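Descriptive structure summary
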2 protein chains.
Amino acid sequence: MNDDKLTLKTCEACTIDAPLVTDQEIIDLKPQIPAWEIIEIENIKRLKCGFAFKSYLEGLSFVSKVAAMAEMEDHHPEIILEWGKVSVSWWSHKIKGLHKNDFIAAAKTDEIYSS
Amino acid sequence: MNDDKLTLKTCEACTIDAPLVTDQEIIDLKPQIPAWEIIEIENIKRLKCGFAFKSYLEGLSFVSKVAAMAEMEDHHPEIILEWGKVSVSWWSHKIKGLHKNDFIAAAKTDEIYSS
């Protein structure tokens, strides 16, 4: 349903007592970001996805667009730029895991890559 | 000696049979890039250094400048952008380790950060 479309939402301020996404929310939201993996580093879940590029500068241009979106959302990913590939990881530092914001930001990252 | 100043040199084309830096060359060159660590991932030595920034966008600006230098040198690092920090790693994929190019590029990265 359009009401649930992640790219139409914006990240909310995340406080230290904000809730982690529940397993049911992950099941509901994950189909909107099918390419993303849920990985765990030091017991903290992250959403991670790799994006392919023909050149380093095309990758850099994507990094800049994702960073601009991150500033708008006031939510900042880890981005790895290398030749031919950019990897983006979203998680919520304050709550040491995944918040709904991370799914919104991941969906917006996909939208930037598609555009 | 100025003749040996890394920031005055440019990267040369690196072929698959180019020599890895010798231990003596590492001893000679490393003092010019004191903040950089030599790390090893999957048996491949890399030069890695973290740079601090007050904001994500200041970090992004540094990423763009390092990427522009990388294009000029036709040698491309892995760059990790996160809130407050940018990490840069240089190594030579073709020879699976460190070439003199990596020391030149690391010194130029420091120069960009200082400027």
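Residues numbered from 1 in each chain as written. Chains lettered and ligands numbered in written order. Predicted model: local features only at pLDDT ≥ 70, side-chain atom pairs only at ≥ 80, totals over all residues. Heavy atoms only, no water.

The interface is formed by 16 residues belonging to chain A together with 16 residues belonging to chain B. Here chain A packs against chain B, burying approximately 1,400 Å² in sum over the two surfaces, 69% of which is carbon and sulfur. Taken together, the connections running from chain A to chain B amount to zero salt bridges. The tally of links from chain A across to chain B stands at four residue pairs in polar contact (both at pLDDT 80 or more). At the level of secondary structure, the elements contributing two or more residues to the side of chain A that touches chain B comprise α2 (56-73) and β3 (78-82) of chain A. Per-element accounting of the side of chain A that touches chain B gives the leading share, eight residues, to α2 of chain A. The residue inventory of the side of chain A that touches chain B, partitioned by class, reads 11 nonpolar, two polar and three charged. By the bridge criterion, three bridges tie β3 of chain A to strand β3 (residues 78-82) of chain B in an arrangement that is antiparallel. (Contact = heavy atoms within 4.5 Å. Buried area = accessible area lost by both parts, 1.4 Å probe. Salt bridge = Lys/Arg side-chain N within 4 Å of Asp/Glu carboxyl O. Polar contact = N/O pair within 3.5 Å; in protein donor to acceptor, adjacent residues only side chain to side chain. Helix = DSSP H or I, 4+ residues; strand = E, 2+ residues; numbered from the N terminus. Nonpolar A, V, L, I, M, F, W, Y, C, P; charged D, E, K, R; others polar. Pairing = 2+ DSSP bridges.)

Moving on: unusual backbone geometry. A negative phi holds for most residues other than glycine; trans holds for most peptide bonds. You will see that aspartate 74 of chain A, though not glycine, has its phi angle at about 50°, which is positive. Assignment of secondary structure puts aspartate 74 of chain A in the loop between α2 and β3.

Moving on, we come to the side chain of aspartate 110 of chain A. Residues and elements named next belong to chain A. Along the chain, aspartate 110 falls in helix α3 (residues 100-114). Despite its burial, aspartate 110 remains without a salt bridge, the nearest opposite charge being carried by lysine 30 at 8.2 Å. Excluding its chain neighbours within four sequence positions, the residues that come into contact with aspartate 110 are Gln32, Ile33, Trp36 and Phe51. (Buried < 20%, exposed > 50% of the residue type's maximum accessible area, 1.4 Å probe, protein only. Lys, Arg positive; Asp, Glu negative; His and termini not counted.)

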